[in-house]
Each structure stands twice: as structure tokens, then as C-alpha cells.
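Summary of structural features
Read off the chains here:
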Amino acid sequence: MTVAGPTFDLVVAANRLPVDVVVDAHGEGTWQRSPGGLVSAMEGAMADRGAAWVGWAGEPGLAPAPFYQGNLFMHPVSLTSVEVEEYYEGFSNDTLWPIYHDVIVQATFHRHWWNTYRTVNHRFAHAIAEVAAPGATVWVHDYQLQLVPAMVRAIRPDLRIGWFNHIPFPPVELFAQLPWRRALVEGLLGADFLGFQRTADAGNFLRSCRRLLGMSTRGDTVAFTPAGGEPASRTVRVSAIPISVDFRGLTALASTSKVLSRAADIRASLGDPEILMLGVDRLDYTKGIRHRLKAYGELLQDKSLAPPSVTLMQVAMPSRERVDAYRVLRDEVERTVGQINGEFEVLGSTPIHYLRHFYPREEMVAMFVAADIMLVTPLRDGMNLVAKEYVSCRNDLGGALVLSEFTGAWHELHQAFICNPHDIEGVKQTIMQAINTPEDERRRRMKAMRKRVADHDVQRWASNYLEALASAPSKPHRLTRASTRELRGVERANRANLRASDTASERIGT
Ligand code: GDG
């Protein structure tokens, strides 16, 4: 017999719970809230009503019993080590991640990974259904849980369901490669509202609905007729709600005397260079770390820059080290750092300080305050919070941001020094432009970017999202007779195409 537990009006679901186990000197483990934008973003919304968070606690095996962390109810979902391998490292990070990031590296397709992805999504859906109060709001996060909206709706049609994608949504030509594209789209369309980082991502999703599944879209809505359903269908709203950072929290932290003096210490410990450049990334091939290092190496080679007057501090937080592409990247980055340091080091000054660690938040903020030039050069990035964090920490209006045009942040931070990371010559010129631009102009740019982030901070993002979800159309979307006929025709043609492509993918042994 199952004993009913507490239920909540707001349920957040994400791959990970926002807590980590911290083990003290006596070997005792306690839960500590992990630093991260998402929890602080949700705090306002969660304070008003009871809220639960459904997610994996981070260790394979049996899930810990549900518990409260402050006023937030944590509902852990279990994952076996095989599921971690197949659902998380495999399907999420080695199939979806590359497809959703322009196939910078080749995606791997395995049918058993897909089966495990489905099983785990199912488990999440059941966990959500268990803790959601009647008529509750459910907010599902990210690409690991794309089947969850429809699975939750099947169990609990009374719930209002939203999903937000933290990463890009790919153009239809890339998305079409996925043998499971129909199931993914249908899984998402179980939601009332789908939020994306950029308008282009929302557009890509709508195009996939039309071109691959023959659905009818109107403006930012898609009419969805579940298989075997009536011509009258549900309407799902699809639009861009770009994520942000805790501007006020970061600004306040950046002006504390502790952080200011730590920033000065960092500069001093690097030999007080004239120009301190900084990169902060998860060690991921999407972040353009190799391209950045190549551009920097060439600037040293052609003597545009020379230590000791310049140094680059590169924080590379270890990430997904069990996925092959990440191990290859790490080796390449470390080799390049070694080569550049070997070639250009002068006594007392290292060209690149490569820091493969995770630092406390305060230390990160001190690094942002210390850096003259912030290098954000991803080849593709949903948003890139680092760019917005840097801007939030520069209360002094100092510093300059070099920003790739392939980040979501580029759509908002127009006053950054913009580059195309594939164009190494262009990256070099942009870095030099950022260095040589007069201080007045740099301050003007920083001020404008700060205003943008202050006006669109993470708290506003969360409340906008929840408002959009609450007001998403819930009435059935009625189709005219003519559009129904047209739709049915397109659906038939698409089904035939899909059958053909499914057979083809079976043949190539995915
Ligand atoms: C995904 C999307 C989207 C890094 N090193 C340390 C540290 N960090 C923090 C940064 C920043 C976060 O990690 C990284 O966020 P990003 O946005 O740069 O990238 P992803 O991890 O790829 O996140 C991305 C994001 O979701 C949100 O929607 O922007 O596009 O890919 O906050 O500061 N933090 C600390 N120590 C470190 O050493 N404390």
C-alpha cells in the first residue's frame, strides 16, 4: 500500500535536485543547496506557495527519502548506474546535446539509450504526478526531460504544464536526423507552454512541428491533434523567454570589501599584468575554448600581445568526463595550453593560468571584478550566463566583454565586442579592439549592458515564465474544415516519409 505524501501547487522538475551532499570532518553527510541561478530564480515564486522539486540526487542507486530543504520539498528520483550511462551520459549528452548544438561533434545514436531515456522520463512523470496538488503548475526543465510533459498529461490531465529549454533548439534539418524526432515533439506538446532562449529556437521548434509532423501553426501557437484524436486539438504556445542572472545579488557581492580586496590579490598574484583576460567555462566543446586559445596564441606569436604585460586566466570546470568527446577536448585544451606556455613564458609570467577546478561563488565574482577582458567565445550556446554574470559584477563600469554571436546572450548584449569564433583573425581583431577602445567608450558600453541585465534579471525571467504558462491558451484550438483536410493530407504524406526514414535508420543500425 502506498501512503500519500504531501502535495504542492508548484512542482519544478529538472534532471538534478538543487542540492549536493556535503560531508563534514566526522564523515557525516548533509544536504546543501547547490549554488545555481535556477534556485534563486525560483525563490520568489516558491515563497508564495508550497513548492516541490523533482530530480536526481546525483548518486546512482536507491533514491534518498523525500525531505525538506528550507521550505522547498525535495523529491528525489532514483537512477541506476546503467541509467546514468544510457539516459544521462548517452542519450542526453551524446545524442541530443550534439544535435542541439549544430553537430559540432558527431552525435551517437543507440536504440537502447533511447529506451532508457523513455523509461527515466516515465519515472520523472510519475514522481511529478505524485507530488502535484489538484490543478497544480508543473515546470519541467531542459532537454533531458522532453517526454515528460505528455507523460504527465496522460496521468494528470488536470495539471498546467510548462517546459523550458536551456539549450538551443536545432534547425529542422539537424533535428530531422533523430530517429525519435516525432516522439520528442509529441512529448513536448503535452505542455501548455514551451519556453526557449531565443526567438530563433522557438521558430526552429515550430518549423519541426510543421515540416516533420505536418502540424498547423499560427503565430506562436501550434495546434496539436494527438494520434487518433478529434480534428479539434489542443493549442500549445511556443515562445522565447531568455534566462538571466541574479543581477542585484551579484552587484551587491561584487561591491563587498572582501571581494574587492580578493580581486586586487588575484591581480597581484599574477604579477599585476596590464591586461588580465579571463575565460570561465564548463569544459565543453560548445564553448569555443580551443578557438579562443588559438587566437590568443597567435596574438602572442605575432607580438600584438606579450607577457608579462598580458596574462589569460582560464577557468575550465570539469564536465561529463565519461563522454569520449569531452575527454578528447580536455586533452587537446591541455596540450595547447602547455604549448603556448612553453613557447611564450617569460621569467615570472605565465601566458595562461589554466585552472581546472570548481571555485566558490565569491571567488568567481572576485575573478570577474579583477578581469579587464572577459572572453566568451562559444560556437553555440543557449544563453551563456557567464557573460551576464560578468556584466552584473562590473559596478565600477570597468572591463570589456568579448562575446560570440552564437550565444543567446548576443541577442541582448549588443554593446559587447562581438566576434565570430570560427574566424580566428576576427577574434584576434576583436580582442585587440576591446583592449584599445578608449575607456569612456568601454564604460558607456558596460553601462548599457548593465541596464539591460538589471531590467531583465532572473527573478523577472521566472515570473514572466510562470505568467506566460498561467495565461497559455487552454481551450481547444478549432480547425476549419479546409485546414483539417489540408492537415490530414500533410500528415499522411509525413507519416509515409517518416516510415521510410525509420526503415532507413533501422537499416544503418542506430
Ligand atoms: C546551460 C546552457 C545556459 C563555471 N565555473 C564555475 C562556476 N561556473 C558557473 C558560471 C555559470 C555556470 O556555471 C555556467 O553557465 P553557462 O550559461 O555558461 O553554461 P551551461 O552550464 O552550459 O548551461 C547555457 C544555461 O544552461 C542556463 O540556461 O545559459 O547556454 O548550456 O553560472 O558562473 N561557478 C562557480 N565556480 C566555478 O568554478 N561557483
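A brief structural summary. (Residues numbered from 1 in each chain as written. Predicted model: local features only at pLDDT ≥ 70, side-chain atom pairs only at ≥ 80, totals over all residues. Heavy atoms only, no water.)

Quick word on the side chain of T221
We count it as follows: What counts as a helix is a DSSP run of H or I of at least four residues, what counts as a strand is a run of E of at least two, and both are numbered from the N terminus. Two N or O atoms form a polar contact when they lie within 3.5 Å of each other; inside protein one atom must be a possible hydrogen donor and the other a possible acceptor, and for residues adjacent in sequence the pair counts only when both atoms belong to side chains.
Inspection of the secondary structure assignment puts T221 in strand β11 (residues 221-224). Side-chain polar atoms of T221 contact the backbone oxygen of R218, separated by 2.8 Å.

Comments concerning the site of the ligand
Note the cut-off: Here a residue is considered near a molecule or strand provided that any single heavy atom belonging to it is located within 4 Å of it. Amino acids are sorted into nonpolar (Ala, Val, Leu, Ile, Met, Phe, Trp, Tyr, Cys and Pro), charged (Asp, Glu, Lys and Arg) and polar (every other residue, Gly among them).
Around the ligand, a shell composed of 21 residues is seen, among which H166, Y359, D381, L385 and E389 lie nearest. Within the side chain of E389, a nitrogen or oxygen atom sits 2.5 Å from an oxygen atom of the ligand. Of all elements in the fold, only β13 (275-282), α12 (361-370) and α13 (385-393) reach the threshold of two or more residues within the shell around the ligand. In terms of residue count, α13 provides more of the shell around the ligand than any other element does, three residues in total. Taken together, the residues that form the shell around the ligand break down as eleven nonpolar, five polar and five charged.

A short note on the environment of P378
Keep this limit in mind: The buried label goes to any residue with under 20% of its type's maximum accessible area, the exposed label to any with over 50%, and the partly exposed label to all in between, with areas taken from a 1.4 Å probe on protein chains only. Whether two residues are in contact is decided by their heavy atoms: any pair within 4.5 Å suffices.
In this structure, P378 sits in the loop between β16 (373-376) and α13. Under the relative-accessibility criterion, P378 is labelled buried at 0%. Sequence separation between P378 and Y285 is 93 residues; the distance between their C-alpha atoms is 8.4 Å. Filtering out sequence-adjacent residues up to four positions away, P378 remains in contact with T286, K287, G288, N384, S404, F406, T407 and P421.

Thoughts on the sheet that holds strand β17 (residues 400-404)
Hydrogen bonds between backbone groups are what pair the strands of a sheet, and the pairing can be parallel or antiparallel. Note the following rule: When DSSP locates at least two bridges between a pair of strands, those strands are taken to pair. Here the axes come from fitting lines to C-alpha atoms, over the contacting stretch only for helices, and the angles between their N-to-C directions go from 0 to 180 degrees.
Pairing in this open sheet of six strands is parallel, and the strands run β15-β14-β13-β16-β17-β18 from one edge to the other. The open sheet has two edge strands, β15 (352-355) and β18 (417-419), and neither has a second partner. Strand-to-strand twist of the sheet, defined as the mean angle between neighbouring strand axes without regard to direction, takes the value 20°. Two elements, β13 and β16, share two bridges in a ladder whose sense is parallel. Its bridge partner lying in β16, M277 is registered against I373.

Coordinates in, geometry out; function isn't part of it.
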